[in-house]
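What follows is the residue order along each chain.
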Amino acid sequence: MRSEKVVPRRRGRAPWSAVASKATLYLLLTVLSIPFVYPTVWMVLAAFKPSHEIFATPPTLLPKEWTLDGVSKIFTATPFARQYVNSLYIAVIVTAVSIVVCALAGYAFARIRFPFRNGLFLVLVSALMVPGEVTIIPIFRWVSELGWMDTHWPLIIVPIFGPQCVVGVFIFRQFFLSLPVELEEAARLDGLGRLGIFARIAFPLAGPAIAAVAIMKFLNSFNMYFEPLIFLRSEERFTVGLGLTQFQDVYGEPMYSTQIGATALTVIPILIVFLFAQRQFVEGLARTGVKG
C-alpha cells in the first residue's frame with residue numbers, strides 16, 4: 001500500500017463576519033472612550049488659549065488664537081518646579097514604604113495564625129468608614145506637639161500608617177490567601193523561616209498586588225490637597241495640589257491658562273505609573289475577590 005502524504009491545511013482568512021464584529025467592537029470602544037479622553041485633550045489645548053476662549057460657549061477644542069503667555073508663566077509666577085519635586089519625592093517615599101508595610105501586614109493576616117486575627121482585621125477594615133475630616137483634629141494636635149508643622153513629615157507618616165493604608169493591607173491579604181500552601185511547605189523543608197518565606201517566596205510573587213497598591217498610593221499621595229492645606233505654611237514646601245491654587249495675577253484674579261497648563265503637567269507622572277503597571281493593577285484588583 002502506498003503511503004499517502006498528509007497535506008497540512010492552510011489557514012484561510014478570517015470570515016467577514018468575524019472581521020466585521022471586531023471592527024464594530026473597536027468602533028464602540030472608541031466612541032465610549034471619547035467622554036474620558038476629551039477632557040484631558042481639552043485641558044492640554046486650553047493651556048494655549050487666552051482666557052476669553054477658555055470660557056467660550058459653546059466650548060471649542062482647538063484654540064482660535066494660539067498663545068504661550070499662560071504656559072510661559074508656569075515656573076516663573078510661583079515656585080511650581082519646587083512644589084512639583086516636593087510632590088514627587090513624597091509620593092515615591094509613601095508608595096515604597098507603604099508597599100512594604102501593607103505587604104507585611106497583609107501576609108500576617110493571611111498566613112500567620114494568632115489570637116483574634118479575624119476580629120483585628122475586621123477592626124482594621126472598619127477604619128475605612130471613618131472620614132478623614134473626623135480624625136484631622138487629633139492628628140493636627142499630635143503633629144503640633146511633635147513640632148512637625150510646616151514640614152513634610154505628616155504628609156509621609158500619616159498616609160503610610162493611617163487609614164489610607166487599610167486598602168493596601170486588604171489587597172495584599174487577599175492575594176496571599178490565594179497562594180498555594182505547598183509553596184510554604186516546600187520553603188520550610190529548605191530551611192526558610194517565616195520572614196524568609198515572605199521575602200523570597202510570597203513577596204516576589206505578589207507583583208499584581210504590588211502594582212495595584214503602588215498606583216493607588218502614588219495617585220493619592222501625589223494629588224493630596226487637604227493634608228498639605230492643614231500642615232504646610234511655606235510656599236516652597238507646598239505640593240502641586242496646593243500650588244495650583246497660587247496662580248494669581250497682581251489683582252488677585254486666577255491665571256486660568258497657567259493653572260490649566262500646570263494641571264496638565266501634574267497628570268504626566270500618574271499616566272506613566274499607570275501605563276507601566278496597568279495589567280498588574282487590574283489583576284491585583286481581581287485577586288481581591290478571593291474568599292478568605
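Residues numbered from 1 in each chain as written. Predicted model: local features only at pLDDT ≥ 70, side-chain atom pairs only at ≥ 80, totals over all residues. Heavy atoms only, no water.

(A) Representation of the overall build of the protein in the model. Per the secondary structure count, the protein includes 14 helices and 0 strands. In the protein, the succession of α and β elements from N to C terminus is α-α-α-α-α-α-α-α-α-α-α-α-α-α. Summed over its atoms, the accessible surface of the protein is roughly 18,400 Å², and 67% of this surface lies on carbon and sulfur atoms. (Helix = DSSP H or I, 4+ residues; strand = E, 2+ residues; numbered from the N terminus. Areas by Shrake-Rupley, 256 points an atom, 1.4 Å probe, with all protein chains shown as cover.)

(B) Inspection of empty space enclosed by the protein at higher detail. Evaluation of the coordinates by the stated rule reveals 1 cavity of 30 Å³ or more. Roughly 50 Å³ of volume is contained in the largest cavity. As for the largest cavity, its lining consists of Tyr107, Arg111, Leu179, Pro180, Leu183, Glu184, Ile201 and Ala202. For the lining of the largest cavity, the elements supplying multiple residues, two or more each, are α4 (80-111), α9 (181-189) and α10 (194-205). Tallied by class, the residues present in the lining of the largest cavity amount to 6 nonpolar, no polar and 2 charged. (1 Å grid on protein atoms, 1.4 Å probe; cavity = no way out; pocket = protein on both sides within 12 Å on 5 of 7 lines; lining within 4 Å. Points joined across faces, edges and corners; volume = space filled by probe spheres on them. Nonpolar A, V, L, I, M, F, W, Y, C, P; charged D, E, K, R; others polar.)

(C) The arrangement of the packing of aromatic side chains in detail. Per the counting criterion, the structure on display carries 18 aromatic pairs. Measuring from ring centre to ring centre gives 5.9 Å for phenylalanine 75 and phenylalanine 80, while their planes differ by 55 degrees; the resulting arrangement is tilted. Judged by relative accessible area, phenylalanine 80 falls into the buried class, the value being 0%. When the ring of phenylalanine 80 is compared with that of phenylalanine 247, the centres are 5.8 Å apart and the planes differ by 55 degrees; the resulting orientation is tilted. Of the two residues, phenylalanine 80 sits in helix α4 while phenylalanine 247 sits in the loop between α13 (240-243) and α14 (256-287), which places them 167 residues apart along the sequence. Pair check on accessibility: phenylalanine 80 and phenylalanine 247 agree, each one buried. Every member of this aromatic cluster is reached through a ring pair, and the members are Phe75, Phe80, Tyr84, Phe218, Phe222 and Phe247. (Phe/Tyr/Trp six-rings, centres within 6.5 Å; stacked < 30°, edge-to-face > 60°. Buried < 20%, exposed > 50% of the residue type's maximum accessible area, 1.4 Å probe, protein only.)

(D) The arrangement of the layout of surface pockets in detail. In this structure, the largest pocket spans a volume of roughly 320 Å³. Along the wall of the largest pocket there are 21 residues; nearest its centre are Val130, Gly132, Pro163, Gln164 and Glu227. With 5 residues, the top contributor of residues to the lining of the largest pocket is helix α6 (residues 132-146). Here the lining of the largest pocket is composed, by residue class, of 13 nonpolar, 5 polar and 3 charged.

(E) Looking closely at the pattern of salt bridges. Inspection of the entire model under this criterion finds 4 salt bridges. The partner of arginine 111 in a salt bridge is glutamate 184, and the shortest N-O contact between them spans 3.6 Å. You can see arginine 111 sitting in helix α4 and its partner glutamate 184 sitting in helix α9, a full 73 residues away along the chain. Across this residue pair, the class does not change: arginine 111 and glutamate 184 are buried. (Salt bridge = Lys/Arg side-chain N within 4 Å of Asp/Glu carboxyl O.)

(F) Structural view of the confidence of the model for the protein. Chain-level statistics for the protein give a pLDDT mean of 84 and a share of 88% at 70 or above. Element-level pLDDT for the protein is lowest in α14, with a mean of 76, against a maximum mean of 93 in α4. (pLDDT = per-residue confidence, 0-100.)

(G) Highlighting the environment of isoleucine 137. When you line up the elements, isoleucine 137 lands in helix α6. Along the sequence, isoleucine 137 and isoleucine 230 sit 93 residues apart, while their C-alpha atoms lie 9.8 Å from each other.

(H) Fine view of the side chain of threonine 67. You can see threonine 67 is positioned in the loop between α2 (51-54) and α3 (69-72). A polar contact is formed between the side chain of threonine 67 and the backbone nitrogen of aspartate 69, at a distance of 3.2 Å. Beyond its immediate stretch of four places on either side in the chain, threonine 67 contacts Ala47, Phe48, Lys49 and Pro50. (Polar contact = N/O pair within 3.5 Å; in protein donor to acceptor, adjacent residues only side chain to side chain. Contact = heavy atoms within 4.5 Å.)

(I) Quick peek at the environment of phenylalanine 109. Along the polypeptide, phenylalanine 109 turns up in helix α4. With a relative accessible area of 12%, phenylalanine 109 lands in the buried category. The spatial distance from the C-alpha of phenylalanine 109 to the C-alpha of glutamine 174 is 9.4 Å, given a sequence separation of 65 residues. Once residues within four sequence positions are removed from consideration, phenylalanine 109 is found in contact with Phe114, Arg117, Leu120, Phe121, Leu124, Val169 and Arg173.

(J) Seen up close, the nonpolar core. Judged by nonpolar contacts, the single largest core of 23 residues is most densely connected at Tyr107, Val169, Phe172, Phe175, Phe176, Ala206 and Ala209. Among the elements that make up this core, the one with the highest residue count is α4 (6 residues). One finds Val94, Leu155, Phe231 and Leu232 within the second-largest nonpolar core, a separate group that totals 14 residues. (Core = buried A, V, L, I, M, F, W, Y, C linked by side-chain atoms within 4.5 Å.)

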